[in-house]
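The lines below spell out each chain.
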Amino acid sequence: MSADFGLIGLAVMGQNLILNAADHGFTVCAYNRTTSKVDAFLANEAKGKSIVGAHSLQELVSKLKRPRRVMLLVKAGGAVDTTIDSLVPFLEKGDIIIDGGNSHFPDSNRRYEALKEKGILFVGSGVSGGEEGARNGPSLMPGGAEEAWPYIKDIFQSISAKADGEPCCDWVGPAGAGHFVKMVHNGIEYGDMQLICEAYDIMKRVGGFTNKEIADVFATWNKGVLDSYLIEITRDILKFDDVDGKPLVEKILDSAGQKGTGKWTAMNALDLGMPVTLIGEAVFARCLSSLKSERTRASKVLPGPTVPKDAVKNKQEFIDDLEQALYASKIISYTQGFMLIREAGKNYGWKLNNPSIALMWRGGCIIRSVFLGEITKAYRQNPELENLLFNKFFGDAVTKAQSGWRKTVALGATYGIPTPAFSTALAFYDGYRSERLPANLLQAQRDYFGAHTFKILPEAASESLPEGKNIHINWTGHGGNVSASTYDA
């Protein structure tokens, strides 16, 4: 039996993706370095399905239709390179290697170029949705050699999640673009989770809500503009009791882990000079949480305000304000994510498919939510949209949310409740809408201590301070004396 494509890596994600493909009428050849896993899989989960096995890479390749399509779901990093190196000798020009792991996009750029020289088509695809998504429909974000797309499109779009009947999968762009978009997805996921945690914390510490009451709030929010997978699972978590009847979430150590993808997003934003502040704060919030022993000591010696019992006088107004703060901050997070994607396209010379990126995130993935449909609509109306806030829907939404957003951030500051994600989202919004920022003083400081030069405002230009020139002043001279200015030609 000739297989439509092969998959290497039989951990749970790999097995579920194979079963998903078989359910959609494709024949899949399964391979794992530990071949006993292949036999066990064929004898159990794959029994009776259009799935065959291979005990070597050579056998795997021999069972595939041309052009051969091989997907890797192995641990990101060296294991991907080792597998590719072992696989390539058995392939021919025009065959396709798909890396479906959580690879860093510079690695995908490198692999794309290296395999291009050998005539092998490389695809780096983000895969989101976890085990359940892999089995029932993930969000897939393929990028790389576009010549490969016609040969994998049918498989990928068939097995992907669907949103309003449309597959949550489309071609993203060249080289490592697929894994870049997955990286940004994961960064936004960090931001969404942090925002939800801050809303929970304010309800608990300022509002005095019980876990069940907070769960009910999230259940209500999940029926409105905040309808999303993360809101839904938060509701379920807060309702879950341990065997002793106490909320299990309250027994979990408040020290968060991370696998690095949020950090990659924040670092790339710094590299590209994009103010992706909310994702950065979400990463730092996890770092701060990990200082558990220090925080415990600090809690005993560093004073702060106490929360009075009547801090919240109108619970419904408090909840409504918090909902608006969460919604507006979430819009800012996605705005920043798409700003980063736009800048990456310019910087790396990638033509990226913005409307399809938003659509890909509407189903199957961790950040799936109702308002991604509006992002899809915004980019379909204007694929070159400069900023989501310039779209009427999002501009109006943030305008409407401002009062509650500001009151929520002020409430946190008043009572000493940390709201790094809410606060940075609001600070970004206020900075972005400011025609003038104090960077003029900053530039003067840089010129004073380091002769870094500055440019003059067009309306303030003069013969001694010409427009468009890099100007340096002798700041220790007499006030108003700019005759010692120097500037470039």
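Within each chain, residues carry numbers counting from 1 in the order of the written sequence. In keeping with the predicted nature of the model, local features appear solely for residues at pLDDT of at least 70, side-chain atom pairs appear and are counted solely at 80 or more, and the whole-chain, interface and lining totals rest on all residues. Only hydrogens and water are set aside when side-chain values are computed; all heavy atoms of the structure are taken into account.

An unreviewed UniProt entry annotates the protein as 6-phosphogluconate dehydrogenase, decarboxylating of Henningerozyma blattae. On record in UniProt, under Subunit (unreviewed entry), the comment for the protein is "Homodimer." UniProt positions are given in the numbering used here, feature names are shortened, and annotations may be inferred rather than shown by experiment. The annotation that UniProt attaches to the protein under Function (unreviewed entry) is "Catalyzes the oxidative decarboxylation of 6-phosphogluconate to ribulose 5-phosphate and CO(2), with concomitant reduction of NADP to NADPH."

This next bit is on the environment of Val-74. Along the chain, the position of Val-74 falls in the loop between strand S4 (69–72) and helix H4 (78–87). It is 9.4 Å that separates the C-alpha atoms of Val-74 and Asn-32, two residues lying 42 residues apart in sequence. Contacts are residue-level and defined by heavy atoms, with any inter-residue pair within 4.5 Å sufficient. When neighbours within four sequence positions are excluded, Val-74 is seen to be in contact with Ile-8, Gly-9, Ala-79, Val-80, Thr-83 and Gly-101. In this description a helix means any DSSP run of H or I spanning at least four residues, a strand means any run of E spanning at least two, and both kinds are numbered starting from the N terminus.

Another aspect to go through is the pattern of salt bridges. Here, a salt bridge means any side-chain nitrogen of Lys or Arg that lies within 4 Å of a carboxyl oxygen of Asp or Glu. Scanning the model with the defined rule gives 29 salt bridges in all. Several salt bridges share partner residues, and in doing so they unite Asp-81, Asp-99, Asp-107, Arg-110 and Arg-111 into one network.

Strands sit in the order S3-S2-S1-S4-S5-S6-S7 across an open sheet of 7 strands; the sheet is mixed. The outermost strands of the open sheet, each flanked by one partner alone, are strand S3 (51–53) and strand S7 (139–144). Within this sheet the neighbouring strands show an average axis-to-axis angle of 25°, counted without direction. In this analysis, strands are considered paired if DSSP registers two or more bridges between them. Strand direction decides the pairing type here: strand S1 (residues 5–8) and strand S2 (residues 28–31), joined by 4 bridges, are parallel. Of the residues in S2, the one forming a bridge with Ile-8 is Tyr-31. With axes taken as lines fitted to C-alpha atoms, and helix axes fitted only over the stretch in contact, angles between N-to-C directions fall between 0 and 180 degrees. Where helix H5 (residues 105–117) meets the sheet, its contacts fall on strand S5 (96–99), strand S6 (121–128) and S7, and the angle it forms with S6 comes to roughly 155°.

This part takes up the packing of helix H8 (residues 177–205) against helix H12 (residues 277–289). Relative to each other, H8 and H12 sit at 65°, their axes nearing to 8 Å. In terms of axis orientation, H8 runs roughly perpendicular to H12. In the crossing of H8 with H12, the sense of the turn from one axis to the other is left-handed. Between H8 and H12, the residues in contact are Gly-187, Ile-188, Tyr-190, Gly-191, Met-193, Gln-194 and Leu-195 and Leu-278, Ile-279, Ala-282, Val-283, Ala-285 and Arg-286, respectively. Relative orientations are named as follows: roughly parallel for angles under 35 degrees, roughly antiparallel for angles over 145 degrees, roughly perpendicular for angles from 65 to 115 degrees, and oblique for any other angle. For any helix crossing, the convention is left-handed if the near helix is rotated counterclockwise from the far helix by under a right angle, and right-handed if that rotation is clockwise.

Helix length check: H12 (13 residues) gives 18 Å between terminal C-alpha atoms against 18 Å at 1.5 Å per residue, within 8%. Each residue's exposure class comes from its accessible area (1.4 Å probe, protein chains only) as a fraction of the maximum for that residue type: buried when under 20%, exposed when over 50%, partly exposed otherwise. Regarding H12, the residues found buried are Leu-278, Ile-279, Gly-280, Ala-282, Val-283, Ala-285, Arg-286 and Ser-289. Tucked inside the fold, the buried residues of H12 contact H8, helix H11 (261–272), helix H13 (292–301), helix H14 (315–348) and helix H18 (420–432). Take the number of residues in a helix, subtract one, and multiply by 1.5 Å to get its expected span.

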